[in-house]
Amino acid sequence: MLRNTFRNAVLSAALATAATANAAYDVDILPPASPIARQIYDLHWAILWVCVAIFVLVFGAMFYSVFKHRKAAGAKAAQFHENTTVEIIWTVIPFLILIGMAYPATKTVLEMKDASNPDLTIKVTAYQWAWEYDYLQDGVKFNSLLATPRSQIEEWEKKGDKKNADYLLEVNNPMVVPVGKKVRLLITSNDVIHGWYVPQLGVNQYGIPGFVKDTWFTADKPGRYRGQCSQICGKEHGYMPIVVIAKTPDEYAAWVKEQKAKMPQAEAAHAAVAAAAVPADDPNKKWTADELKANGEKVFAANCVACHQVTGKGLPPAFPPLDGSKVVTGPKAAQLALVLHGKPNTAMASFARLSDSELASVITYTRNAWGNKTGEAIQPAEVKAARK
Amino acid sequence: MSAAAPAHDHHDDHAHDHAHPAGLKRWLFTTNHKDIGTLYLWFSFAMFLTGGVMALLIRAELFQPGLQFLNPEFFNSLTTVHGLVMVFGAIMPAWVGFANWLIPMQIGAADMAFPRMNNWSFWLVVPAAILLVSSFFVPGGAAASGWTLYPPLIIQQGISVDMTILAVHILGASSIMGSINIITTILNLRAPGMTLMKMPLFVWTWLITAYLLIAVMPVLAGSVTMLLTDRHFGTSFFNAAGGGDPTMFMHIFWFFGHPEVYIMILPAFGVISAIIPAFARKPLFGYASMVYATASIAILSFIVWGHHMFTVGMPAAGQLFFMYATMLIAVPTGVKIFNWIATMWQGSMTFETPMLFSIGFLCLFAIGGFSGLVLAITPVDITIHNTYYVVAHFHYVLVSGALFAIFAGVYFWLPKWTGHMYHEGLGKLHFWLSVIGFNVAFFPQHFLGLAGMPRRIPDYALQFAEWNMVSSIGAFIFGFSQLLFLYIVIECIRSDRKAADNPWEGADTLEWTHLPSPAPYHTFETAPVVK
């Protein structure tokens, strides 16, 4: 009731000032899609209503006083200034109300922290700025990145793409989970602190470099649940969406099969023993320079473009240009070392997680793109050698 | 407080006895608590406008989805420096300005206990602010990690971070000197007969605040020093690869950061406790329980820092402890609100600008308190942690709490400070524009947070577009109304509306009963006797 009244009041005020089409003036938590999220939802509304009731009572009394006891209406000031009984009563009553609130909240906390006996465990590693999902039992592993084209975002360049409905909330590879199963997440990070946040599943957990934290959820019904990184993680913090698709167990099994087929054989075997520090591909394959450049452009677009830009000009001085860079046009060993190990105390992270072929391609690409004309190619075998 | 006759005669001549430097030298070398108070207040207003411009740039960018004006890196710098400037540059110095002006006058002292150190406290703040703001112009741009400066992100950034750390060190030194001064003044220089339990509540709240500052500023200094050595001297306090822990920074930072919230709000409680009785023409209800509640809030503030960290993955016992401790703060805070309302009850109220801002403070600060209670509930916090709900919550506490109390206090004491009355009509206009602009700006942010919009993002998904537009409109109304405030203060200083010695019927502390308006340059050469 109150919600609607308020909503309508603000709605009409807002429409009067700024008429917008397709108004979505949501005033509520998103519909919960897991048992924990439902408890959170109920807790929130219960506490909110208690607060509203107290607010109305207390400030009702105040406004009554403001209206009745004003000098303009001839009120004469009384001179009382303390009353121990009253003061004790209004210390004890709020205390009892708080106990009433703490009881259900405690039950929910204990349930949320119980990540035991999962049906499925997924390791989530956060990167600047991508999520990596590693299905520990099923041997599936992939990266998940923002899929909204940059032309929709960067309006200052007037590229003029129309924003689609899932603007900034779409990814190339969503996390897929089976409905009704307890999914345990092991969350960590490779560089800075990130937050894996999907409100409809009741999960918000920091990924902290060097530590693994766990949490869990069970999706109630098939659907697509969206979230974003919740902890500021640098310049692309606003561009780190999360998509979880809940499928029936059969559909999930089919999806796993399909994913495995997509993965290189060696990689699948490797992941099965859950020790896939380095994605394996065929490092002994000889690529032509053109193949490397074409593949490298794709790798660049997925991993490097946020900082170094499509033009290779970067965003100096925080994010240096690659076009004309001394590192990129100098000896290739130095560039390879930088890409493999990162540069300490800067946003240039280690990209050792990419495969030998990916690294070889992207290095070859940068050495020959824009104004860089080294004419040099670097083969996966060289990357493999440099890893040691 | 005593009710002796105003001591005009004794002041009018002594102001001329001691010649004091004029012009630039007066302000650079002054050891007078009123001059230093004035310097602090003008400095804080300048920083308030600086931080405000940053806020409006942020809101301009968020007016519509897409990137229109700013790039993401600069956006992050703006959110970071806006926070630091408002906390350390605007709100805290404003309260120190109030302390300097009012504490000696309210306890019947001649000046602060350490006047030369007082001068230092102020003149340290200026270079720190310059360091902080000029970090926008160094290679790499200003710190862009959020005002909480969490590693490892902060480790990645450039020279500006070192400037910010240095600024924080200097500000901390200044705060500690100021606190030592305030505590010594209050404990040693009270007029005969003024026992602790007869002190005006503003003095009480500042006494407690000063202890909080001394307790936590070194903690902040320690944590940023560890950042500095991690950045430059090869230590690994916060780097897991070297045996450290990024979570440890959060613990240390919030051990400072949560009491810091009360450093910004306790003096506000004191100001409101002066204004409401004056305009209700009735003594403050429950003076003793106000003092005890203030002390309880201060003590509790040290054991609740973990509620900023429910999502780092602390054990259930930790989450429960911090949840219960945090919820407990609602009890003493509730006592204060009830006492203020009981003070108004059966009063004889008038509604000049200071009273309007006080009533605005009561209602809106209570909303901030309620959203704080919602956030204290661990499971609910987890679902809205680091969303706009949190942004809305702390702006309700810090803007309609601390800032509105500052406005209330400025209007209340302007007659005593300047000897002139401000323009009442314009003051009321300022109140209404502020209160409407503020609510339009920040109330919808609760909805954005509930719908899952993270804070500190330069661009957002389309379902957040409508409330963001409303919020930006409110922010611009609120921001530009502050220029009206500037005009009102300048107009008041220049006006010829002579203020009475006690322009408020119900005000009864020493500065109203024993001093002329404007208060003379040297306050009490002979201490008044309080009965």
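Calculation criteria
Residues numbered from 1 in each chain as written. Chains lettered and ligands numbered in written order. Predicted model: local features only at pLDDT ≥ 70, side-chain atom pairs only at ≥ 80, totals over all residues. Heavy atoms only, no water. Helix = DSSP H or I, 4+ residues; strand = E, 2+ residues; numbered from the N terminus. Rg over C-alpha atoms; globule rule 2.2 N^0.38 Å. Contact = heavy atoms within 4.5 Å. Buried < 20%, exposed > 50% of the residue type's maximum accessible area, 1.4 Å probe, protein only. Areas by Shrake-Rupley, 256 points an atom, 1.4 Å probe, with all protein chains shown as cover. Pairing = 2+ DSSP bridges. Axes fitted to C-alpha atoms, helices over the stretch in contact; angles between N-to-C directions. Polar contact = N/O pair within 3.5 Å; in protein donor to acceptor, adjacent residues only side chain to side chain. Disulfide = S-S within 2.5 Å. Patch = residues over 30% accessible without salt bridge, like charges linked within 9 Å, V, L, I, M, F, W, Y side chains within 5 Å. Salt bridge = Lys/Arg side-chain N within 4 Å of Asp/Glu carboxyl O. Buried area = accessible area lost by both parts, 1.4 Å probe. Core = buried A, V, L, I, M, F, W, Y, C linked by side-chain atoms within 4.5 Å. pLDDT = per-residue confidence, 0-100. Parallel < 35°, antiparallel > 145°, perpendicular 65-115°, else oblique. Nonpolar A, V, L, I, M, F, W, Y, C, P; charged D, E, K, R; others polar. 1 Å grid on protein atoms, 1.4 Å probe; cavity = no way out; pocket = protein on both sides within 12 Å on 5 of 7 lines; lining within 4 Å. Points joined across faces, edges and corners; volume = space filled by probe spheres on them. Left-handed = near helix turned anticlockwise from the far one by under 90°.

Details of the overall build of chain B
Next, step 1: If you tally the helices and strands in chain B, you get 17 helices and zero strands.
Next, step 2: Relative to its length of 531 residues, chain B is compact, with a C-alpha radius of gyration of 23 Å against a globular reference of 24 Å.
Next, step 3: Counting only C-alpha atoms and orienting by the principal axes, one finds that chain B spans roughly 70 × 50 × 45 Å.
Next, step 4: The long-range fraction of contacts in chain B, counting pairs at least 24 apart against all pairs at least 6 apart in sequence, stands at 83%.

A short note on the overall build of chain A
Next, step 1: A count of helices and strands for chain A gives 12 helices and 10 strands.
Next, step 2: Buried residues in chain A amount to 48% of all 388 residues.
Next, step 3: A sequence separation of at least 24 residues applies to 65% of the contacts in chain A between residues at least 6 apart.
Next, step 4: Surface accessibility of chain A: about 18,000 Å² in total, with carbon and sulfur atoms responsible for 61%.

Observations regarding the side chain of B:S471
Next, step 1: Summarising the element assignment, B:S471 is placed in helix α16 (residues 465–494).
Next, step 2: Sequence-distant contacts of B:S471, defined by excluding residues within four places in its chain, comprise B:R59, B:V440, B:A441 and B:Q445.

Regarding the sheet that holds strand β8 (residues 213–217) of chain A
All names here are of chain A.
Next, step 1: Pairing is mixed in the open sheet, where five strands are placed in the order β3-β2-β1-β5-β8. The open sheet has two free edges, formed respectively by β3 (140–144) and β8, since each of these has just one partner strand. The sheet shows a mean angle of 25 degrees between the axes of neighbouring strands, direction not considered.
Next, step 2: Where strand β5 (residues 183–189) and β8 come together, five bridges link them in antiparallel fashion. Paired with I187 across the strands is K213, a residue of β8.
Next, step 3: Strands in contact with helix α5 (residues 249–262) are β1 (120–127), β2 (130–135) and β3; relative to β3, the strand with the most contacts, it is inclined by about 85 degrees.

Section: the side chain of A:S34
Residue and element names in this part refer to chain A.
Next, step 1: With respect to the helices and strands, the residue S34 is situated in the loop between α1 (2–17) and α2 (35–68).
Next, step 2: Judged by relative accessible area, which is 1%, S34 ranks as buried.
Next, step 3: Here the side chain of S34 touches L201 through a polar contact of 3.1 Å, landing on its backbone oxygen.
Next, step 4: When neighbours within four sequence positions are excluded, S34 is seen to be in contact with Q200, L201, G202, T218 and D220.

Section: unusual backbone geometry
Next, step 1: Between A:Q128 and the following residue, A:W129, the backbone shows a cis peptide bond with an omega angle of 0 degrees.
Next, step 2: When you line up the elements, A:W129 lands in the loop between β1 and β2.
Next, step 3: Look at the link from B:P151 to B:P152: it is a cis peptide, with omega at 0 degrees.
Next, step 4: Summarising the element assignment, B:P152 is placed in the loop between α5 (115–134) and α6 (159–188).

As for the environment of B:V87
Residue and element names in this part refer to chain B.
Next, step 1: Position of V87 among the secondary structure elements: in helix α4 (residues 72–107).
Next, step 2: Assessed through its relative accessible area of 8%, V87 is described here as buried.
Next, step 3: Measuring from C-alpha to C-alpha, the distance between V87 and G51 comes to 9.6 Å, with 36 residues separating the pair along the chain.
Next, step 4: Beyond its immediate sequence surroundings of up to four residues, V87 is in contact with M92, P93, E260 and M264.

Side note on the pairing of strand β10 (residues 241–247) of chain A
Two faces, one strand: in a regular strand the side chains alternate between the faces of the sheet.
Residue and element names in this part refer to chain A.
Next, step 1: Most of β10 sits out of view: six of its seven residues are buried.
Next, step 2: Sheet analysis places strand β9 (residues 223–229) next to β10, joined by six bridges and oriented antiparallel. Its bridge partner lying in β10, G223 is registered against A246.

Let's talk about the state of the cysteines
Next, step 1: If you walk through the whole model with that rule in mind, you get zero disulfides over all chains.
Next, step 2: Left unpaired, A:C51 is separated from the closest cysteine sulfur, that of B:C363, by 15 Å.

Section: a nonpolar patch on the surface
Next, step 1: There is a patch of nonpolar side chains on the surface, built from A:I88, A:V92, A:F95, A:L96, A:I99 and B:L328 and spanning about 520 Å² of accessible area.
Next, step 2: You can see A:F95 is positioned in helix α3 (residues 84–112).
Next, step 3: The exposure class assigned to A:F95 is partly exposed, which follows from its relative accessible area of 37%.

Side note on the interface of chain B and chain A
Next, step 1: Contacts between the two partners involve 106 residues from chain B and, on the opposite side, 100 residues from chain A.
Next, step 2: Of the roughly 8,800 Å² buried at the junction of chain B and chain A (both faces included), carbon and sulfur atoms supply 70%.
Next, step 3: The tally of links between chain B and chain A comes to one salt bridge.
Next, step 4: Measuring nitrogen to oxygen at the nearest pair gives 2.4 Å for the salt bridge that ties A:K71 to B:E505.
Next, step 5: Counting the contacts that link chain B with chain A gives 27 residue pairs in polar contact (both at pLDDT 80 or more).
Next, step 6: Of the residues forming the side of chain B that touches chain A, the biggest block, nine residues, is contributed by helix α11 (residues 330–344) of chain B.

Structural notes on the sheet that holds β9(A)
Two modes of strand pairing occur in sheets, parallel and antiparallel, and in both the strands are linked by backbone hydrogen bonds.
Residue and element names in this part refer to chain A.
Next, step 1: Across the sheet, which stays open at both edges, the five strands sit in the order β4-β10-β9-β6-β7 with mixed pairing between neighbours. In this open sheet, the two strands that pair with only one neighbour each are β4 (175–178) and β7 (203–207). Pairs of neighbouring strands in the sheet enclose a mean axial angle of 25 degrees, with direction left out of account.

Description of the nonpolar core
The tendency in soluble globular proteins is for nonpolar side chains to be buried as a group.
Next, step 1: Counting residues in each nonpolar core, the largest one holds 232 residues, and the members touching the most others are B:F88, B:W95, B:F98, B:W206, B:W340, B:F361 and B:L362.
Next, step 2: If we skip the residues at most four places from it in the chain, B:W95 touches B:W206, B:I263, B:M264, B:P267, B:A268, B:V271, B:A402, B:A405 and B:I406.
Next, step 3: The next biggest cluster of nonpolar side chains, apart from the first, holds 42 residues, and it includes A:L120, A:F142, A:L201 and A:F319.

What to know about the confidence of the model for chain A
All names here are of chain A.
Next, step 1: In this model, chain A carries a mean pLDDT of 85, and residues with pLDDT of at least 70 account for 87%.
Next, step 2: When the criterion is pLDDT under 50, residues 10–23 qualifies, and its contacts beyond four places in sequence or with other chains add up to 16 contacts.
Next, step 3: Confidence drops under pLDDT 50 across residues 268–278; counting only partners more than four residues distant or on other chains, this segment forms seven contacts.

A short note on the packing of helix α8 (residues 246–280) of chain B against helix α9 (residues 287–300) of chain B
Residue and element names in this part refer to chain B.
Next, step 1: At a closest axis distance of 11 Å, the pairing of α8 and α9 adopts a crossing angle of 170 degrees. Comparing their axes, α9 and α8 come out roughly antiparallel. Only M290, T294, I297 and A298 of α9 make contact with α8, whose side of the interface consists of Y262, L266, F269 and S273.
Next, step 2: Broken down by class, the residue content of the contact of α8 with α9 amounts to six nonpolar, two polar and no charged.

Focus on empty space enclosed by the protein
Residues and elements named next belong to chain B.
Next, step 1: Inspection of the entire model under this criterion finds five cavities of 30 Å³ or more.
Next, step 2: Around the largest cavity, the lining is made up of 15 residues, and of these Y40, M92, V96, S174 and S175 lie nearest the centre.
Next, step 3: Listing elements by their share of the lining of the largest cavity, those giving two or more residues are α4, α5, α6 and α7 (201–232).
Next, step 4: The leading source of residues in the lining of the largest cavity is α6, at six residues.
Next, step 5: Across the lining of the largest cavity, the residue classes tally to 10 nonpolar, five polar and no charged.

What to know about the pattern of salt bridges
Working definition: two side chains of opposite charge can pair if their charged atoms are close together.
Next, step 1: This structure, assessed with the given rule, holds 13 salt bridges over all chains.
Next, step 2: Of the charged contacts, one joins A:K313 and A:D323 as a salt bridge, the two residues approaching to 3.0 Å between their closest N and O atoms. Note that A:K313 is positioned in the loop between α8 (305–308) and α9 (326–329) and A:D323 in the loop between α8 and α9, a separation of 10 residues in sequence.
Next, step 3: Using a relative accessible area of 48% as the deciding quantity, one classes A:K313 as partly exposed.
Next, step 4: The salt bridge partner of B:D162 is B:R231, with a shortest N-O separation of 2.9 Å. Pair noted here: B:D162 is in helix α6 and B:R231 is in helix α7, with a separation of 69 residues, a long-range link. Both residues of the pair, B:D162 and B:R231, belong to the buried class.
Next, step 5: One network of salt bridges, in which partners are shared, links A:K71, B:R281 and B:E505.

Overview of the environment of B:V125
Residues and elements named next belong to chain B.
Next, step 1: Structurally, the position occupied by V125 is in helix α5.
Next, step 2: Residue V125 is classed as buried on the basis of its relative accessible area, which comes to 3%.
Next, step 3: Dropping the residues within four chain positions of it, V125 is found in contact with Y40, F43, L171 and S174.

Details of the packing of α3(A) against α11(B)
Next, step 1: Running from amino to carboxyl end, α3(A) crosses α11(B) at an angle of 140 degrees, the nearest separation of the two axes being 9 Å. In this view, α3(A) runs oblique relative to α11(B), as classed from their interaxial angle. For the pair α3(A) and α11(B), the crossing hand works out as right-handed. The residues of α11(B) that touch α3(A), namely those facing A:E87, A:W90, A:T91, A:P94, A:F95 and A:L98, are B:A330, B:V331, B:V335, B:F338, B:N339 and B:A342.
Next, step 2: In terms of residue class, the contact of α3(A) with α11(B) is made up of nine nonpolar, two polar and one charged.

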